[in-house]
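Listed below, chain by chain, are the residues.
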Amino acid sequence: MSLRPARRAPSRPDAGGAWRDSPHLWFWLMTGPFLAGLAVFVLVPIGWSVWLSLFDAHNTVTPTRFVGLDNYRDMLADPAFRSSLVTFVVFAAIVVPLTFAGSLALAVLVHGVRRFQAFFRSVFFLPLACSYIAASLIWRGSIFPGVPTGVANAALRAVGAEPVAWLSVVDPPWYWLVLVTLRLWLQLGFYTILFLAALQRVPRHLYEAAALDGASGWTTFARITLPQLRAVSVAVLLLATVNAFQAFDEFYGVMATAQGYPPYARPPLIYLYYVAVGNGQDFGHGGAGGILLTALIAVIALAQGRFTGLFRGRGER
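Owing to the predicted nature of the structure, the values given are computational and were not obtained by experimental measurement.

Student: Could you give an account of the packing of helix H9 (residues 204-212) against helix H10 (residues 217-228), with specific residues and numbers?
Tutor: The packing of two helices is summarised by the inter-axis angle and the distance between the axes. At a closest axis distance of 11 Å, the pairing of H9 and H10 adopts a crossing angle of 170 degrees. As summarised for this structure, H9 and H10 are arranged roughly antiparallel, according to the angle between their axes. Contacts between H9 and H10 involve Leu-206, Tyr-207 and Ala-210 on the former and, on the latter, Thr-220, Ile-224, Thr-225 and Gln-228.

Okay, here's the thing in structure tokens:
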């Protein structure tokens, strides 16, 4: 009888151990689809636009005649493109302050409500579920139509005022009222939720100390609430500014007609849309205009961040 110990079966590798010991594999598994979509649908089109902007690309996405920076010079010298940039600056100058003040006021009001707070949060957030095109059609067809009818004109007639052709009157430019109210209705809820989340993180003992000191409501708001909301205020200003410069759907949905788009209130994205997708299909100038618009948005965002102290270190505060 053999006294040799029994031979042990070879151990099988633990399949799950490789995943547990390799967190990088989980990282690429979770982020891989997102990164692939980002590369295919964002990075590649941006790179292609930069490449096309350096060529004479009429009716083709595979141009051969290199023109360098001529397309950029042409766009900067184009009065229509410069006018579209002015349109966006005006739109942002109106919408961003109103968005900030309106969303902050709504957040403070909802935060002070003791009952039905969840209901009000849902009501203000609900417009985000509506597409910009659908909201544009409602604003244009029911509330502010281009002829003297609609909800707004009915309200004017009720108080004895004359109806207004909101979208066809250039002097005064009533169409700005339509565009601004539409944008505010669509986005106020999102920023209100951001302010509400920040208000709920303000320490209660600060308000209790202010009440003991006899501080008024406005003093409490200015000395306690606003400083505690600094970070989210900067985020709201940056997001609202970038979103204002990217506006397209509401302008096109409200202002465009069967005859085309009017020459006034034409933002850069709509102008570039007609340049690149119109009859000329000038992808070179369209790409150059898109790059210039992106650079303008980046400069304004950086300047705003610098002005609000976003890039200051902790030691400088």
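Student: Give me the lowdown on H10, citing residues and values where you can.
Tutor: A rise of 1.5 Å per residue sets the reference length of H10, with its twelve residues, at 16 Å; its end C-alpha atoms lie 15 Å apart and thus fit the reference within 8%. Every buried residue of H10 is accounted for by Thr-220, Phe-221, Ile-224 and Thr-225. Down the axis of H10, the sector holding all buried residues measures 120 degrees, keeping them to one side. Among the exposed residues of H10, those oriented more than 90 degrees off its buried face are Trp-218 and Arg-223. Buried residues belonging to H10 abut helix H4 (79-112), helix H8 (175-199) and H9.

Student: Give a detailed account of the environment of Ala-39, specifying residues and quantitative values.
Tutor: Of note, Ala-39 is situated in helix H2 (residues 23-52). Judged by relative accessible area, which is 28%, Ala-39 ranks as partly exposed. Not counting residues up to four positions away in its chain, the partners in contact with Ala-39 are Val-44 and Pro-45.

Student: Could you give an account of the packing of H4 against helix H11 (residues 230-245), with specific residues and numbers?
Tutor: As a packed pair, H4 and H11 sit with axes 9 Å apart at the nearest point and diverge in direction by 145 degrees. For the crossing formed where H4 meets H11, the hand is right-handed. Across the interface between the two elements, Phe-88, Val-89, Phe-91, Ala-92, Val-96, Thr-99 and Phe-100 from H4 touch Ser-233, Val-236, Leu-237, Ala-240, Thr-241, Ala-244 and Phe-245 from H11. Classifying every residue of the contact of H4 with H11 by side-chain character gives eleven nonpolar, three polar and no charged.

Thresholds applied
Residues numbered from 1 in each chain as written. Predicted model: local features only at pLDDT ≥ 70, side-chain atom pairs only at ≥ 80, totals over all residues. Heavy atoms only, no water. Axes fitted to C-alpha atoms, helices over the stretch in contact; angles between N-to-C directions. Helix = DSSP H or I, 4+ residues; strand = E, 2+ residues; numbered from the N terminus. Parallel < 35°, antiparallel > 145°, perpendicular 65-115°, else oblique. Contact = heavy atoms within 4.5 Å. Expected span 1.5 Å × (residues − 1). Buried < 20%, exposed > 50% of the residue type's maximum accessible area, 1.4 Å probe, protein only. Arc of directions from axis to C-beta. Left-handed = near helix turned anticlockwise from the far one by under 90°. Nonpolar A, V, L, I, M, F, W, Y, C, P; charged D, E, K, R; others polar.

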